[in-house]
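Letter by letter, the chains look like this.
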Amino acid sequence: MYEDSELDTTHGTFIASLLIHGNELNNVSDYAVSGCNIVDVPVVPKNGVDEITLINNIKRAVENNPEVKVWNLSVSLEGEISTDKFSDFAVALDKIQDDYAVLICKSAGNDSKFFEKEEVGNLSLGAESVRSLTVGSLTRNSDEYEVSKENHPSLYSRKGRGPGYIIKPELCHFGGDLSATTFHPVDQNDFFISSETGITSDGRKSVKVGTSFSTPKIAKNIAELANGLSGEFDPLMLKALITHSAKYGESPALSGEERLEKLGYGKPLNSNEILVSDSEFSTTLVLRGNLEKGKRIDIMDFPYPKNLVEDGKFKGRIKATLVYNNYLEKELGSEYCQSNMVFRFGTYESKFDRDTTKKTILNPIGRKNSENMLNKKLYSKKKVTSNFDYATDRMLIQYGDKYYPVKKFSADLSELKPKLFNSALSSNRSWYLYLEGQYRDFIMKKAKKSKETLSMDYCVIITISDPDRKANVFGGTVQELSANNFRYNSMEIVNEVTISI
């Protein structure tokens with residue numbers, strides 16, 4: 001594609017060294033597996049490239065390497081994303097991922113405005129790609145003046161959200177620390193780079209910063225997950241698994257919205273921590289499938305463990321993640337995302353018979369007095385603010401009918417408003433899980449014209465845990481699965497994932 005003389009290998013070599021030797025070079029445990037198989041595909045010559053050529057280069061690279069399923073894209077075009085329109089670059093990245101069933105991890109982009117004490121800009125073009133996982137940067141260590149703070153967004157990491165207010169970036173990782181040399185830095189000379197350490201193209205150790213270096217860490221963790229699971233490569237499930245594991249570090253000064261804009265759903269665990277768990281105090285359930293338009297999933301005997309009852313009330317912490325492949329239409333601006341999935345999970349009082357002769361009623365059995373535990377409005381602000389030990393895991397977002405392709409919720413049931421705590425969590429109630437697709441008029445008319453049946457692939461992950469670490473939640477869930485005649489399989493891990501010492 002390009003002659004060696006046309007390339008500058010400095011950037012790519014540094015990224016490769018982080019993927020292969022990052023743990024050892026930085027004395028960290030960012031990965032569960034030492035080493036990495038890398039396919040090096042030059043898509044940007046040292047003299048630069050125009051957008052169309054870049055897109056064609058990326059497409060050709062993916063097409064010519066069908067065995068590679070996880071791609072790192074630490075490349076950004078000049079300019080910022082729009083708030084009401086998805087860029088041609090983002091649309092092209094989405095199409096490549098759909099056409100070739102691959103997953104791209106895209107850097108959020110860097111901005112030097114903080115040197116002038118200005119707020120960093122919006123994401124770089126392409127970082128709003130819906131199918132991609134967009135990655136911001138997180139500070140690993142505070143400097144002595146706390147200008148850069150541990151577990152806070154890196155000073156240079158660009159912020160979301162994306163067009164249509166979708167949550168971008170979704171994830172973050174350590175991209176290198178900029179440390180201040182004074183309490184009141186005024187320009188670039190008042191900072192020095194303190195991590196990450198990698199190797200340059202001439203074989204020397206060097207220290208660099210950027211979302212270019214946080215992004216490949218996510219890509220490697222996803223590749224480790226893919227290698228650790230049996231079956232075919234499933235980008236949807238991998239996105240769900242890694243997003244489900246993400247959480248925030250201690251960063252109490254950040255508002256919930258600022259966290260979302262700069263850190264997404266947080267920093268994920270490494271693959272070993274995601275795949276291997278020996279805790280009896282929690283259980284994780286995965287629901288993977290395809291849902292046709294007009295159909296619904298309404299599980300009315302969800303296996304919430306009965307041993308998570310205290311003083312006649314259900315207790316526990318719930319973490320739920322939904323990832324789905326929505327329909328995309330590039331000509332429709334902020335309505336590029338043409339379908340949505342409604343997700344509810346909670347309790348109800350009792351079942352009752354319904355009249356299925358009516359056109360809008362599909363399920364012959366209904367639920368009486370349902371409460372959706374994924375509804376932010378059910379939780380007490382006073383209880384939330386006083387529960388400090390859950391701050392890094394909590395995720396309360398009011399999604400409503402937002403067309404976000406990645407949704408996550410995490411809450412402690414003890415934080416419900418007092419009135420609801422007494423009624424909605426009564427041990428006499430049952431638990432349900434509900435999924436339903438929503439479609440905009442444009443995509444419905446298009447499907448009707450082409451006689452296409454609309455449907456969406458989805459992956460739901462729910463983790464239930466006992467905050468007091470007393471109840472055998474895993475055993476209790478298995479008992480409920482058996483009692484309600486659920487067909488289920490344990491997730492098969494084909495490779496033992498170990499950390500080299």
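In the block above lies the structure referred to throughout.
Residues numbered from 1 in each chain as written. Predicted model: local features only at pLDDT ≥ 70, side-chain atom pairs only at ≥ 80, totals over all residues. Heavy atoms only, no water.

Asker: Looking at this model, I keep getting lost on the overall build of the chain. Mind explaining?
Answerer: Within the chain, the secondary structure is distributed over eleven helices and 22 strands. For the chain, the C-alpha radius of gyration of 23 Å lies close to 23 Å, the compact-globule estimate for 501 residues. Across its three principal directions, the C-alpha atoms of the chain cover 75 × 55 × 45 Å. Looking at the chain as a whole, 52% of its 501 residues qualify as buried. At a minimum sequence separation of 6, the contacts of the chain that also span at least 24 residues come to 76%. Here the chain displays about 23,900 Å² of accessible surface, and carbon together with sulfur accounts for 47% of that area. (Helix = DSSP H or I, 4+ residues; strand = E, 2+ residues; numbered from the N terminus. Rg over C-alpha atoms; globule rule 2.2 N^0.38 Å. Buried < 20%, exposed > 50% of the residue type's maximum accessible area, 1.4 Å probe, protein only. Contact = heavy atoms within 4.5 Å. Areas by Shrake-Rupley, 256 points an atom, 1.4 Å probe, with all protein chains shown as cover.)

Asker: When you look at the sheet that holds strand E15 (residues 317–324) in this model, what are you seeing that I'm missing?
Answerer: If you trace the four strands from one edge of the open sheet to the other, you get E11-E22-E15-E20, paired in antiparallel fashion. The two strands at the open ends of the sheet, each matched to only one other strand, are strand E11 (282–292) and strand E20 (406–412). This sheet shows a mean twist of 10 degrees between the axes of neighbouring strands, independent of strand direction. As paired elements, E15 and E20 share seven bridges and run antiparallel to each other. Looking across to E20, one finds that Ala 320 is bridged to Phe 409. Lying over the sheet, helix H11 (residues 473–483) contacts E11 and strand E22 (455–465), oriented at roughly 40 degrees with respect to E11. (Pairing = 2+ DSSP bridges. Axes fitted to C-alpha atoms, helices over the stretch in contact; angles between N-to-C directions.)

Asker: Where do I start with the nonpolar core in this structure?
Answerer: Generally speaking, a soluble globular protein has its nonpolar side chains buried in company with each other. Membership of the largest hydrophobic core comes to 45 residues, with the highest contact counts inside it found for Ile 222, Ile 242 and Tyr 265. Secondary structure elements with two or more residues in this core: strand E3 (103–107), strand E5 (133–138), strand E6 (171–174), helix H4 (211–228), helix H5 (235–245), helix H6 (256–263), helix H7 (271–275) and E22. Of all the elements, H5 adds the most residues to this core, at six residues. Leave out the neighbours within four places in its chain, and Ile 222 touches Val 70, Leu 103, Cys 105, Leu 133, Leu 238 and Ile 242. Of all hydrophobic cores here, the second largest spans 42 residues; its members include Ala 320, Phe 343, Leu 416 and Tyr 439. (Core = buried A, V, L, I, M, F, W, Y, C linked by side-chain atoms within 4.5 Å.)

Asker: When you look at helix H3 (residues 88–100) in this model, what are you seeing that I'm missing?
Answerer: In an α-helix, one turn spans 3.6 residues; hence positions three or four apart end up facing the same way. Taking 1.5 Å per residue, 13 residues should reach 18 Å; H3 reaches 18 Å between its end C-alpha atoms and fits that length. Among the residues making up H3, those that are buried are Phe 89, Ala 90, Val 91, Ala 92, Leu 93, Asp 94, Ile 96 and Gln 97. Looking at the buried side of H3, the elements it contacts are helix H2 (51–64), strand E1 (70–73), strand E2 (77–80), E3 and strand E4 (124–125). Immediately beyond the C-terminal end of H3, within one or two residues, lies Ala 101, with a positive phi of roughly 55 degrees. (Expected span 1.5 Å × (residues − 1).)

Asker: Help me understand helix H1 (residues 10–26), please; the structure alone is not making it clear to me.
Answerer: Look at H1: only 19 Å from first C-alpha to last across 17 residues, short of the 24 Å you get at 1.5 Å a residue. In the structure, H1 departs most strongly from a straight axis at Ile 20, where the bend amounts to approximately 75 degrees. Along H1, the residues classified as buried are Phe 14, Ile 15, Ser 17, Leu 18, Leu 19, Gly 22, Asn 23 and Asn 26. With its phi angle positive at about 55 degrees, Asn 27 sits one or two positions after the end of H1. (Bend = angle between axes of the 7 residues up to and from the residue.)

Asker: What should I look at first to understand the packing of H2 against H3 in this one?
Answerer: A pair of packed helices is captured by two measures, namely the crossing angle of their axes and the spacing between those axes. The contact between H2 and H3 brings their axes to 11 Å, and the two run at 15 degrees. Classed by the angle they form, the pair H2 and H3 counts as roughly parallel. Here the hand of the crossing between H2 and H3 comes out right-handed. Contacts between H2 and H3 involve Glu 51, Leu 54, Ile 55, Ile 58, Lys 59, Val 62 and Glu 63 on the former and, on the latter, Asp 88, Phe 89, Ala 92, Leu 93, Ile 96 and Tyr 100. Across the contact of H2 with H3, the residue classes break down as nine nonpolar, no polar and four charged. (Parallel < 35°, antiparallel > 145°, perpendicular 65-115°, else oblique. Left-handed = near helix turned anticlockwise from the far one by under 90°. Nonpolar A, V, L, I, M, F, W, Y, C, P; charged D, E, K, R; others polar.)

Asker: Looking at this structure, I do not really get the environment of Asn 110. What am I missing?
Answerer: Considering the arrangement of structural elements, one finds Asn 110 in the loop between E3 and E4. Residue Asn 110 is classed as partly exposed on the basis of its relative accessible area, which comes to 38%. A sequence separation of 102 residues divides Asn 110 from Ser 212, and the C-alpha atoms of the two residues are 8.5 Å apart. If sequence neighbours within four positions are ignored, Asn 110 has contacts with Ser 124, Tyr 156, Arg 158, Gly 210 and Thr 211.

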